[in-house]
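Chains, contacts and geometry: an overview
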Amino acid sequence: MKEEIKTNSSAGKNIRIKDTFKYKLLLEGIIVGAISGVLIACFRLLLSKADVVRSTFVGWLRAGAASRALVALLVLVALAAIVALLLRWEPECSGSGIPQVEGELRGQMDMNWAKVIASKFAGCILAIGGGLALGREGPSVQLGAMVGKGVARSRHRLLTEERLLITCGAGAGLSAAFGAPLAGAIFALEELHKTFSSLVLITTMASAAVSDWIASDIVGRDPVFNVSIEHTLPLKYYWTVVVLGLILGALGFVYNRTLNFMQDVFASIGSKVPDRFSAFAKVMVMFALSLLMMYAYPLALGSGGGLVAEICSGKFALAALAVMILVKFVYSTGSFGSGAPGGIFLPLLVLGAITGGLASRTLTACFGMGEQYITSFVIIAMAGMFAAIVRAPATGIILITEMTGSFSCLLALVTVSLISYVTADALGGEPVYDQLWNRRIGKTRVELDEEEANRKTIIEGDIQMASAAEKMSVKDLGLPQGSLIVALERNGREIIPSGKTKLKAGDHLEILCRQKDIEETERVLNEKCMQHAKDIER
C-alpha cells in the first residue's frame, strides 16, 4: 500500500519526507522565528510610540478649550477611514487573527500572507493608537503565522511543511509579543493543534526561542508585567482561590457571550449602511466612544497593560476598581466587536488583574485579610480569566509565569485555572477562539480553488485509552474518502496497517489527506480517538 502511494508525486513526497524533514524543518523554523522576532519587535516599538502619542494627545485635549474636541474628532475620523480601507483591502486583518490561523491550519482558509502582514501591522497600530481597547498578542500570532506561510510559499514547500511552519510562526509571534517562548510552544499544541506532537513541540520551541531572543535584544528583557510578589498567599487562604476560580469561570462565560452580542450589534450597524461604508461605520462608532473616553475615563483607552502594576501597587480603592472593571469590560468587548484589527489576549488579562485587585480589596474590607496579598491575587486572577475565556489552562499558567518572572504562585495558578476552566465549561460556553471561528465559518464558508483543495498533507493523531477507536478496525474509523493511514507507530515500532488492523490505546497514527479534508479528518480523530467512548454515547 505504501509503495503504491509513492507513485503519486504529491502523496509520495509527503511520505518520503516524514522521517528526514524534521531536521530541515528545525532550521526553517529558526529562520521563521528570526524573521518573526524582528517583525514583532518593530510592532511592539511602534505600538509603544503610539501609546505615548495618544497619552500626549489626551493631555493636550483635556487641558484646552472645547474647540479642541473638533480637532480630535477629525483625527479619529481619519484613523477610522484608514482602518476601514485596510479592512476592505484585506478582510482577514480584522479582529484577533488567531481564528484565521486556526482556519488556515484546518485547511479551510488560504490567506494572502503578504497582504495580511501589511494590513494587520498598520491596522493594529492605528486602532490601538486611536484608543481602542485591543491587544497586540493575537495579531502577533497571525503576523508570525503569515511569516511562516511566506517562507513556505517562497521555498515551494509541501502542505505538510507549510502547516508546520505556520505553527512555528504563530508560536514565535506569541513568544516575541509576551517574552514567553515556552508559552508560545505550548500554545501551538494546546490551542492551535489541540493534541501533542513532539515534532510540533520541538520545532515551535526552537522558533519561539529565537524569536524571543531577537525581540528581547531589540525591546529589552524586562517582563511584560514588571511586578514583584513579595508576599505569596498562605495555604490557609486557598479557599479564596477556589471562590475566585468560580467567579472567574462565570465571568469568562459572560465575557464570551458579551463578545458574541457585541459582534451582533456591530453587524447590525454595518447592515444599515452601504457595503462600502460598513467597515467605516462600525469602526467609527468605537472611535467616537474613544473620544468620549478621552474626556470621561482615559484609563479605558488602549490595551491597559500598564494598569496591572498600578493595581498591584494598591493605587485603586474598591469603588474605583468596580467602576474600572465595568467600563473596561464593555469598552474592550465593544472594541473587538467592531471588527477593528486587534486582539483580546492582553485586554482579558487586564480584566483578570482588575478582578484580582477587586477580590483582594473585598477580602480586606470584609474579612480583614492583609493588603500585602493584592499582587498574588492579581496574578492568580489573570491566569483564571485566561483559562475561563480561552480554555487553554496550561498556556495561561506558563504565560503568566513567564510574563511575571515568578514561580511563587504556581500552585495557586494551577488551582484557579482548573476551577475557572471547569466552571466555564459546565456553564456551556465555547472557548473564545472556537466561538469566533464557528461564527465566521457559519456565515461565510471559504471556498478553496481546486489546486489548493487537493494539496496533500500528513495529519498526526493518537489513540487514547477508553476512546471509541480503541479495538476498532482501521476500516471502521470513518476517515473521509481519499484519506489514508500511511503509518502506525506502536510501542516504538512502525507498522503499515491494513483495513483489518485493530487499533490499540497508545497507537500513533499518520494520516495522508487532502487540504479540503483536514477539518473532517481532525474531527474524526477528536471524536473517535481522543474522546472517551461513553462521552460520545452521551
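Coordinates for the structure precede this section.
Notes on the structure in this doc start here. (Residues numbered from 1 in each chain as written. Predicted model: local features only at pLDDT ≥ 70, side-chain atom pairs only at ≥ 80, totals over all residues. Heavy atoms only, no water.)

**Considerations on the side chain of Ser211**
- Tracing the backbone shows Ser211 in helix 10 (residues 198-219).
- The class of Ser211 is buried, set by a relative accessible area of 0%.
- Of the polar contacts made by the side chain of Ser211, one reaches the backbone oxygen of Ala172; its length is 2.8 Å.
- Residues contacting Ser211, with those up to four places away along its chain left out, are Gly33, Ser36, Gly37, Ala172 and Ala176. (Helix = DSSP H or I, 4+ residues; strand = E, 2+ residues; numbered from the N terminus. Buried < 20%, exposed > 50% of the residue type's maximum accessible area, 1.4 Å probe, protein only. Polar contact = N/O pair within 3.5 Å; in protein donor to acceptor, adjacent residues only side chain to side chain. Contact = heavy atoms within 4.5 Å.)

**Re the sheet that holds strand 4 (residues 508-514)**
- Spatially, 1-4-2-3 is the arrangement adopted by the four strands of the open sheet, whose pairing is antiparallel. The sheet is open, and its two edges are formed by strand 1 (456-462) and strand 3 (493-495), each paired on a single side. On average, each strand axis in the sheet is tilted by 25° relative to the strand beside it, whichever way the strands run.
- Pairing of strand 2 (residues 484-490) with strand 4, which is carried by five bridges, proceeds in the antiparallel orientation. Opposite Leu488, over in strand 4, you have Leu509 as the bridge partner.
- The sheet contacts of helix 21 (residues 518-530) involve strand 1 and strand 4, and relative to strand 1 the element is tilted by about 10°. (Pairing = 2+ DSSP bridges. Axes fitted to C-alpha atoms, helices over the stretch in contact; angles between N-to-C directions.)

**Regarding the packing of helix 4 (residues 68-89) against helix 12 (residues 275-296)**
- Contact geometry of helix 4 with helix 12 gives a least axis separation of 8 Å together with a crossing angle of 145°. Helix-helix and strand crossings are classified by hand; for helix 4 and helix 12 the assignment is right-handed. Contact with helix 4, carried on its side by Ala69, Ala72, Leu73, Leu76, Val77, Leu79, Ala80, Ala81, Val83, Ala84, Leu87 and Arg88, involves Asp275, Arg276, Ala279, Phe280, Val283, Met284, Phe287, Leu291, Met294 and Tyr295 of helix 12 and no other residues of that element.
- Taken together, the residues that form the contact of helix 4 with helix 12 break down as 19 nonpolar, no polar and three charged. (Left-handed = near helix turned anticlockwise from the far one by under 90°. Nonpolar A, V, L, I, M, F, W, Y, C, P; charged D, E, K, R; others polar.)

**Examining the environment of Gly252**
- Summarising the element assignment, Gly252 is placed in helix 11 (residues 238-271).
- For the pair Gly252 and Cys366, spaced 114 residues apart in sequence, the C-alpha separation works out to 25 Å.

**Quick word on the packing of aromatic side chains**
- This structure, assessed with the given rule, holds nine aromatic pairs.
- Between Phe345 and Tyr433 the ring centres are 6.5 Å apart and the planes differ by 25°, which places this aromatic pair in the stacked class. One end of the pair, Phe345, is in helix 15 (residues 345-367); the other, Tyr433, is in helix 19 (residues 432-443), and 88 residues separate them in sequence.
- The class for Phe345 is buried, based on a relative accessible area of 0%.
- Put simply, the rings of Phe178, Phe187, Phe345, Phe386 and Tyr433 pair up and form one aromatic cluster. (Phe/Tyr/Trp six-rings, centres within 6.5 Å; stacked < 30°, edge-to-face > 60°.)

**Section: the packing of helix 11 against helix 18 (residues 410-426)**
- Between helix 11 and helix 18, whose axes approach to 7 Å, the crossing angle comes to 40°. Our classification of the angle between helix 11 and helix 18 gives oblique. The crossing of helix 11 and helix 18 is right-handed. When helix 11 is examined against helix 18, the residues Tyr238, Val241, Val242, Leu244, Gly245, Leu246, Leu248, Gly249, Ala250 and Phe253 are found in contact with a partner set consisting of Leu411, Ala412, Thr415, Val416, Ile419, Ser420, Thr423 and Ala424.
- The residue inventory of the contact of helix 11 with helix 18, partitioned by class, reads 13 nonpolar, five polar and no charged. (Parallel < 35°, antiparallel > 145°, perpendicular 65-115°, else oblique.)

**Thoughts on the pattern of salt bridges**
- Applying the stated criterion across every chain yields a total of 22 salt bridges.
- Salt-bridge contacts for Glu310 lead to Lys315; the nearest nitrogen and oxygen are separated by 3.3 Å.
- Looking at Glu310, the relative accessible area reads 27%, which means it is partly exposed.
- In this structure, Arg490 engages Asp507 in a salt bridge whose closest nitrogen and oxygen atoms are separated by 2.7 Å. Taken together, the residues Arg490 in strand 2 and Asp507 in the loop between strand 3 and strand 4 connect sequence positions 17 residues apart.
- Linked by salt bridges that have partners in common, Glu104, Asp110, Lys149, Arg153, Glu162 and Arg455 make up one network. (Salt bridge = Lys/Arg side-chain N within 4 Å of Asp/Glu carboxyl O.)

**Notes on unusual backbone geometry**
- You will see that Arg391, though not glycine, has its phi angle at about 65°, which is positive.
- Notably, Lys471 is not glycine yet its phi reads approximately 70°, a positive angle.
- Mapping Lys471 onto the fold places it in the loop between strand 1 and strand 2.

**Quick word on helix 4**
- For helix 4, built from 22 residues, the straight-helix expectation of 32 Å at 1.5 Å per residue is met to within 8% by its first-to-last C-alpha distance of 32 Å.
- Every buried residue of helix 4 is listed here: Ala69, Ala72, Leu76, Leu79, Ala80, Val83, Ala84, Leu86 and Leu87. Relative to the axis of helix 4, the buried residues are bounded by an arc of 155° and lie together on one face. For helix 4, the exposed residues lying more than 90 degrees away from the buried face are Leu70, Leu74 and Leu85. (Expected span 1.5 Å × (residues − 1). Arc of directions from axis to C-beta.)

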